[in-house]
Amino acid sequence: MLQMLLFALLVFGLGVAVILRPPVALAGIFCLYGLKQWAQGTMVFFVQHGAVPNLCMGLLLLLGLTVKLLRGERVFSPYPGVGWRTLLLFAYAALTLLWTLDQGKSADLLLQALPYIITVIMLAPLLISSREDLRPVALALLVFGGLLALLILLQVNWFNRRIVMAGASFEGEAGNPLAVAQLGGYLVLAAMLLHLRNLRLLGWLLRLGLTVLGLLLIVKSGSRGQFLALLAVLILFVPLRQRIDDPVKFMGFLFSFLIIAGLAFWLQSGFTTEVDTAHRWSSGKMATDMAGRFQNLGTLFGIWSLNSLGKLVFGLGNSSSYAIRQLGIYPHFVPGEVLAEEGLPGILLYLSLLAGSLGNIRRAYALIRDRAEARADLALFGGILTYEFLLSLKQGSLLSNTFFFGMVILLGRIRRIYETDADLDDTNLDDTGLADSDRTNAGQAGADSPGARQNQPVPWPTANPQGAGTQP
């Protein structure tokens, strides 16, 4: 009963935050799998009714969108081009069920994934419609994700990197370690990349504590891909957040990164006690597992290449890998899966999403490079997108990697938001850098006097300063 009350308090508290700041619902979506793993690891009710956490987060998402609509905020615009191409990719994947190798199995898998496609890909990005929507998501991710990380580490039982489901034996039903590691990765990225206002020593301690919690989840779950992908993302996006353009900043970044990397390696060597889990971190085991994934991909490519010209061009059909006797499951490498199962139309759409996402990050950075808080927001959401892409190279399928495609659309919306803000700034500013109303008031008060100029508001920096091109 106490655990059920705690679950209710967590959801209720998040619901209150959603009413106050609707984008907070996106943090609940980020933490969905972690919440579900903790609930199933501590309460038999959620083992028997596993859809309840999904429904709770889905309702909070709808609540957030409803509140935004009632407040007259933009929800459906701006919608980016990568969003339409993402939807087109999934529509084409559904179309391929007409010629997939096992229509019944493929249709079942699509129906199972459909609620996540609607929630994470189609609806969740709509929560972000202005630059003021970004920071509440990051703060809620730290608070809600940090609480979940503590609860998972303190309350559940583990057996060989998996959470033991409530009411099951240690050898019985267990949770998904990748879901726990996903929460840990999000928590570390938010802790390291979020801009904490007016917090120096306390901010550094908060970053360190939350980073440790996130790393403990990753290492305890034995998720090597999450661990390595996280280090790669931090190398790429901490400099973007910090704007490392002088030796002092560079040394500060290097020192912080070495502390995090050293702490992570120490944790992965000393925190894991199970023999099977510790063995996973050996170089030999990692090389063997990687070779196995490429072998699965080779099997899928072999079947694809031996089929008719039509299936060679248009693909075997979504989830055809399940119907291949030598494979029986997706190959754990999403780009290769898309090429073989969705053919040339699918892979071209997929590659356009990658290119578009890279362009969106570059363009967005060019628009806000002089704003520290906006850079931190972009670094966090760009880091989550890159993190999900790297993970899609070793786990999951097209249908199950919904967070990656949701982040593709979200980054596209962020770029459009920044462009709209920059256009408004350009419209309201004249050649002297003052808004029309400011220029009129300054003229009436004696704009040529030093005192009048001193009292004028400082405008936001524009994305294209005089002499700069339109592309970064």
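None of the values given here were measured: they were computed from a predicted structure.

Calculation criteria
- Residues numbered from 1 in each chain as written.
- Predicted model: local features only at pLDDT ≥ 70, side-chain atom pairs only at ≥ 80, totals over all residues.
- Heavy atoms only, no water.
- Salt bridge = Lys/Arg side-chain N within 4 Å of Asp/Glu carboxyl O.
- Buried < 20%, exposed > 50% of the residue type's maximum accessible area, 1.4 Å probe, protein only.
- Helix = DSSP H or I, 4+ residues; strand = E, 2+ residues; numbered from the N terminus.
- Contact = heavy atoms within 4.5 Å.
- Polar contact = N/O pair within 3.5 Å; in protein donor to acceptor, adjacent residues only side chain to side chain.
- Phe/Tyr/Trp six-rings, centres within 6.5 Å; stacked < 30°, edge-to-face > 60°.

## Remarks on the pattern of salt bridges
A full pass over the atoms with the stated rule returns 7 salt bridges. With a shortest N-O distance of 2.8 Å, lysine 68 and glutamate 73 are connected by a salt bridge. Since its relative accessible area comes to 0%, lysine 68 is described here as buried. In this structure glutamate 73 comes out as partly exposed when scored by relative accessible area, which is 29%. Linked by salt bridges that have partners in common, Lys68, Glu73 and Asp133 make up one network.

## Comments concerning the environment of leucine 206
Topologically, leucine 206 is positioned in helix 10 (residues 201–220). According to the relative accessible area criterion, leucine 206 is partly exposed, its value standing at 39%. Once the C-alpha coordinates of leucine 206 and alanine 191 are considered, the two residues, 15 residues apart in sequence, prove to be 7.5 Å apart.

## Re the environment of arginine 21
Mapped onto the fold, arginine 21 is located in the loop between helix 1 (2–20) and helix 2 (24–30). Those residues within four positions of arginine 21 in sequence are excluded, and the remaining contacts are Glu132 and Pro136. One polar contact links the side chain of arginine 21 to the main-chain carbonyl oxygen of glutamate 132, over a distance of 3.1 Å.

## Details of unusual backbone geometry
With phi around 65°, serine 319 is a residue other than glycine that occupies positive phi space. Here serine 319 shows up in the loop between helix 15 (309–314) and helix 16 (334–368). With phi around 65°, histidine 332 is a residue other than glycine that occupies positive phi space. Within the secondary structure, histidine 332 is located in the loop between helix 15 and helix 16.

## Focus: the packing of aromatic side chains
The relation between two aromatic rings is expressed through the spacing of the ring centres and the mutual angle of the planes. Tallied over the entire structure, the rule returns 18 aromatic pairs. Ring centres 4.5 Å apart and planes at 45° place the aromatic pair phenylalanine 7 and phenylalanine 46 in the tilted group. Highlighted residues: phenylalanine 7 in helix 1 and phenylalanine 46 in helix 4 (residues 44–48), separated in sequence by 39 residues. Since its relative accessible area comes to 6%, phenylalanine 7 is described here as buried. Assessed through its relative accessible area of 1%, phenylalanine 46 is described here as buried. Ring centres of tyrosine 33 and phenylalanine 403 lie 5.7 Å apart, and the angle between their planes is 65°; this geometry places the pair in the edge-to-face category.

That is the geometry; function is a separate question.
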